Structure formats: structure tokens, C-alpha cells
Amino acid sequence: GNLGSQLVEYKEEMYITSDCGNTWRQVFEEEHHILYLDHGGVIVAIKDTSIPLKILKFSIDEGQTWSTHNFTSTSVFVDGLLSEPGDETLVMTVFGHISYRSDWELVKVDFRPSFPRECTDEDYESWELTNLQGDRCIMGQQRSFRKRKISSWCIKGKSFTSALTSKVCECVNTDFLCDYGFERSAPLKLESSKCFADFWFNPEAPPEDCVLGQAYTSSTGYRKVVSNVCEGGVDLQQNLAHHMCPLIAPKGLQISIREESLAVRPGEDITFIVRQEQGDVLSTKYQVDLGDGFRAIYVNLTMTGEPIRHRYEKPGVYRVSVKAENVAGRDEAVVFVQVNSPLQALNLEVVPVIGRNQEVNLTAIILPKNPNLTVFYWWIGNNLQPLLTLESFLVTKFAETGDVRVTVQVSCGSSMLQDSKVVHVFDHFHVLPLKFTKHLDMYNPDIPEWREDIGRVVTRLLAKETSIPEETLMTVVKPGLPTAADLHVLLPANQPKKKRSITSDKRIAAIKQALNAHNISFFLRGGYWVLVTLADSG
């Protein structure tokens, strides 16, 4: 570390303590590798640097003085220090490399010849552990240790033990902390000041699991420090107040669904879990209403943890409620369950041809019809942000000409379907209303696929009869009865836009002539010919 108000990367000084961190003294101005030998009787230090070294430093007097030793004749890039197993060892290894391309170099250093003898009792002195205030009782006990005298030059060895004596102290105020919900009195908040309950904490309040008829104790505001072993003396935890558990109103009632699925299918098992955070349980009755006519009253429902299993047979949205009530009060919890049949089919219906800035209705046809709480996601063109509706339709406009892809995603419960269509946006085109002979209505199932097939048949017949390119014609059969359609006549792709009205186009005259001449018809399997005419031609 370094002296100053904050750590500095370029200033990595080394400090040592001989009294468990009460005081520190600086030993090096640069960072070093450190290794302890013989229970700390020898401290070895090698500078942590990027240049090669051959000198190490060692101290036998807890870092008071340092000696140097040439551990190798050739300088080595030092990577670290290792010692043999055991705290008592005096043998160490310096590992590194001579150059960045060389193999590992291991240099063994043995300090045993430097010591003439093993230590005796006369080589040690006792030392007592104290805190910053000089108190000898720390965490409830007074401990003394033995340390080798600085003047003794000897080996501690395997038989060395540092602990000398340990004595349990009597408890004093500093052996206690403020209990949960309490704090020292302001403004000093010293350890000598008293602990008072915080404004948000009521020490006499019964615990959450307090059962009527049982007793509980309220805190005096103090608790002994964890791992403190003091005995006797001051006991700030004495004189605990004893109370009988009162009848507590239910509070924090919760009802949830196992696996957290709020949407299920008809006939699928569903499991409800009821929990209560506070309040008496034994004297509380629980009224359960599952929303489909099933009602029941339970006792000890939250204590036993027994789940409520049910099965809804019909689609719908069900309000599930639990009411907990005793003499002291009541509480209620509600959850809504969606029971949905899975989506089977989706079709996006939209007029394939539309004028620029003209309103267009996008409609999603889903099966089964009218499922509960279905969400529709509408993606228009390249927009990455969908429009959300609870209705199956959306009215919008297109400001630019060209082809626009419209996609709808339908989400219902755990099922989701998607359909996509391309809308052709033009500045100019013409629409001719068409009608069919009434026989077609008998075969009209009013489904999108059938309407698309009829539209393709009419378009193909008109293109063949009039020699108009089929890609410039589009027949759109409308939903419902009687069966009707719109014929969209589009500008050819290579024809420039003209100021004249498209109604003057010769193609319109050719189409009307073919329709009025009753030249457009097709055959039904039932033996009927279906004639296609203009809707306003009578």
C-alpha cells in the first residue's frame, strides 16, 4: 500500500506488523515477493521487478533489520517463491528463468546452516493481544502468546506453538451490539450509548409465526456479538419481556398457480397454492371461490400447505378468490385464470390492391372464433415495432406506393399463429364491381381459401377472353352472402403514369364488353353454370 488518502498504482510500498495489525511500519519502498519460514522466524523478501536478480533479503527479527544473500551466481528473472510443506521449514525455492526463451530455473535456498541451535524456553517471551484501546479482553477472552526474543538466533522447529494461555473474561457493554430494529442513540452513536428502537420497528410486536396460546419474548435492544465467549458480568439481554401471542388478523394472503401458468386449456389440471405472511392460522377460515361455481371452506389451509387442484371444462376468464377471516380481521387474494382453447387456424384478410393514403381494413380470421383475451400483433412493412390490439382488425393507411408486407401474429394463452400478405399500393387503378348468378351462393362456405380460388378463376377467364395480361388483373371475392367481388385493373408495369383517367383505357371497354356479352362463366360440380357480370349492369 501507500500513505495518503487513496491507493496509488505507481507507489507500492511494503509494511509489516508485529502486533496483529495494531501498529505498522514500512520496510520496503517497492513491492516484494514475501515468504515466511520457521513459523515466521525467518522472513524472506525478493523484489517484484521485471529485471533479473541474484540477491534476496531476509530478516530474523520480525522485519526490524534485513540481511542480504546471493542465492545464485547468475541473475534470474524471478517469478515466485516456494517453501517445503510445513510451517517449520527453513528450506525454500526461488523459481524463474534466465531469459524469456529459457526453461524454468529452480534455485534451492537452505537457511538451516545459518542457525547454530534450536530454541529453548529462555529464547521466548510472552506477549498479550490487545485492541487499539489497550483492552486485553477481545471477543470475550484474554489471550497471551509467546514470541521468540529478537536477540535470540535459533530455530523454533516443529514443536513450536504460539498460544500460551487463554482466559474467559466477564461480559461488558462492548461485548453487545444493537439487536435487529435498534440503533445507537444519536448523534454520537458510541458503543457506550444506549440502543433505541428505530421508528419503523415495534419490539413488542409478535413474530409472524406466533400461535394463539403460545408465548414469545421481546428484545431488550441488545444481542451478544457472534462468536463472543464472555461469561457472567454484564448481561444486556436479561430481563426479556414475555408476552402471550394475541389473535392476529390474517395479512399478506397470496394465491398463486403452481408452475406460474395463468393460461390453461379446457380440461387441463391446474393447482392453486395459498400462502399467508402474517396472522393466526389455527382460528382462521378460508373461503375459496374458483369462479366456475365451485366454492369451499378450508381450515388450516396455509399451515398444511395442501394445494387446491381443479379442472375447468369450458373456455373463459375465471376470477379465483380466497378470503381468510377470523375474529381479529380478514384479508383477500384474487387471481384471474384464462382458459383458452388452442388456436387452430389463422387467415389474414386484406384487399390486395389499395390506393395511396386510402384507408384499408386488415382483418384476422381465427379458429376457434372469439377466443378469450386474444392479443393481435400487427407488423406493417419493415417496422420493427408492432401495433397491438385486442380486436381482430386494424384500420391503417399506406403513404408510399409499392408492395407492402403485412404480418399478423395472434397470441392466445400458450399458442401463437402467424399469417402474412402483400398489399400492392398504387396511385392509379380502376375497380369494377362484379356479381355472380345465385347458384354460387349455395356452394359458398365463406372461408378465405374458397374466395381466393374463385378470384383466381375469374381473373384467368377474363385474361384469356380479353388478351389482357393476367398480372394486371386481380379479382377479390368479398366475404359474406350474396357472393360478390371487385375486379382491380392495374396499370402495366412498363406504362408511364398519364394525367388522363384510367377509365379511358381500352382495357376497361374490353372487360365490360366481355362481361356484358356473358362470355365469362364457369361450371360447378352440382351441374350449374355460374355467370359473371357487372354488378351495375342489371
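Criteria and cut-off values
Along each chain, residues carry numbers from 1 onward, in the same order as the chain's sequence is written. In view of the model being predicted, local features appear only for residues whose pLDDT reaches at least 70, and side-chain atom pairs are presented and counted only at 80 or more, with totals across whole chains, interfaces and linings using the full set of residues. Side-chain descriptors were evaluated using all non-hydrogen atoms of the structure, hydrogens and water having been removed beforehand. UniProt positions are given in the numbering used here, feature names are shortened, and annotations may be inferred rather than shown by experiment. What counts as a helix is a DSSP run of H or I of at least four residues, what counts as a strand is a run of E of at least two, and both are numbered from the N terminus. Salt bridges are defined by distance alone: a side-chain nitrogen of Lys or Arg within 4 Å of a carboxyl oxygen of Asp or Glu. In this scheme, a residue with accessible area under 20% of its type's maximum is buried, one over 50% is exposed, and one in between is partly exposed, where area comes from a 1.4 Å probe on protein chains only. Two strands are counted as paired when DSSP detects at least two bridges linking them. Each axis is a line fitted through C-alpha atoms, taken for helices only over the stretch in contact, and angles between the N-to-C directions span 0 to 180 degrees.

In this numbering, the UniProt entry assigns the feature "domain: PKD" (unreviewed entry) to residues 286–346. Helix makes up 7% of residues 286–346 and strand 61%, and the two end C-alpha atoms of the span are 43 Å apart.

Bringing the pattern of salt bridges into the picture now. Applying the stated criterion to the full structure yields 16 salt bridges. Its salt-bridge partner being E62, residue K147 comes within 3.4 Å of it at the nearest N-O pair. A residue pair is termed long-range when its members are at least 10 positions apart, and K147 in strand β12 (residues 141–148) and E62 in the loop between β5 (55–59) and β6 (67–70) qualify at 85 residues. Assessed through its relative accessible area of 19%, K147 is described here as buried. Judged by relative accessible area, which is 22%, E62 ranks as partly exposed. The partner of E128 in a salt bridge is R136, and the shortest N-O contact between them spans 2.9 Å. Residue class for R136 comes out partly exposed when judged on its relative accessible area of 46%. Ionic contacts of the salt-bridge type, sharing partners, join the residues E349, D446 and R451 into one network.

Turning next to the sheet that holds strand β27 (residues 308–311). Pairing is antiparallel across the open sheet formed by three strands, whose spatial order is β22-β24-β27. On the outer flanks of this sheet lie β22 (251–257) and β27, each paired with one strand and no other. Between one strand and the next, the sheet's axes are offset by a mean angle of 25°, whatever the strand orientation. As paired elements, strand β24 (residues 269–278) and β27 share four bridges and run antiparallel to each other. Its bridge partner lying in β27, I270 is registered against H310.

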